[in-house]
Amino acid sequence: YDYQPLGQKYLFDLEKQSWMKHYDVIVSFETVEHLSNPDFFLSNVQRTSDLLILSTPYGETGGNRFHKQFWTLPQIKALLESRFRCEYHYQAPLLEPILNTASPGTRGTILGVCSPSL
């Protein structure tokens, strides 16, 4: 969570704190690549939400010093599919139209629309 004037005014450590409140949808754009333990966050989402809309880069080579995670497309899909059933969309390269397919070995952004697996 972020503290924003129009938001809920909660500051939350997504890597260390669990939450109990249930949400219809959790939107996480360009967040999980900044977490040392994204599985902890995804576990909380799986437990407390009906839907996750998530985007994250894939195919990066480590050039972003703020990112703690660098995934290939199969790696990020495996991480998400360990907890969710997902529909994917892709944007590669940046600022191109969003597509329903991605070429292997490419670089871009994946957008997952994910429902928790039971």
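It should be emphasised that the depicted structure is a prediction, and the values quoted were computed from it without experimental measurement. (Residues numbered from 1 in each chain as written. Predicted model: local features only at pLDDT ≥ 70, side-chain atom pairs only at ≥ 80, totals over all residues. Heavy atoms only, no water.)

Draft legend 1. Representation of the side chain of Glu60 within the structure. For Glu60, the location among the structural elements is in the loop between strand S2 (52-58) and helix H2 (73-81). Put simply, Glu60 is tucked away with no salt bridge, and the nearest opposite charge, on Arg107, sits 4.6 Å away. A distance of 2.9 Å separates polar atoms of two side chains, one belonging to Glu60 and the other to His67. Apart from residues no more than four positions distant in its own chain, Glu60 is found in contact with His67, Gln69, Phe70, Trp71 and Arg107. (Helix = DSSP H or I, 4+ residues; strand = E, 2+ residues; numbered from the N terminus. Buried < 20%, exposed > 50% of the residue type's maximum accessible area, 1.4 Å probe, protein only. Lys, Arg positive; Asp, Glu negative; His and termini not counted. Salt bridge = Lys/Arg side-chain N within 4 Å of Asp/Glu carboxyl O. Polar contact = N/O pair within 3.5 Å; in protein donor to acceptor, adjacent residues only side chain to side chain. Contact = heavy atoms within 4.5 Å.)

Draft legend 2. Geometry of helix H1 (residues 38-48). All of the buried residues in H1 are Pro38, Phe41, Leu42, Asn44, Val45 and Thr48. In an axial view of H1, the angular spread of the buried residues amounts to 155 degrees, which keeps them on one side of the axis. Against strand S1 (26-29), S2, H2 and strand S3 (84-91) lie the buried residues of H1. (Arc of directions from axis to C-beta.)

Draft legend 3. Seen up close, unusual backbone geometry. Here Glu30, not a glycine, exhibits a phi torsion of approximately 55 degrees, which is positive. Here Glu30 lies in the loop between S1 and H1.

Draft legend 4. Molecular detail of the packing of aromatic side chains. Within this structure, the stated rule accounts for 3 aromatic pairs. Centre to centre, the rings of Tyr58 and Tyr90 are 6.4 Å apart; their planes meet at 90 degrees, and the pair counts as edge-to-face. Of this pair, Tyr58 sits in strand S2 while Tyr90 sits in strand S3; the two residues are 32 residues apart in sequence, bridging distant segments of the chain. For Tyr58, a relative accessible area of 1% corresponds to the buried category. Three or more aromatic residues link up through ring pairs in this structure, and these residues are Tyr58, Tyr88 and Tyr90. (Phe/Tyr/Trp six-rings, centres within 6.5 Å; stacked < 30°, edge-to-face > 60°.)

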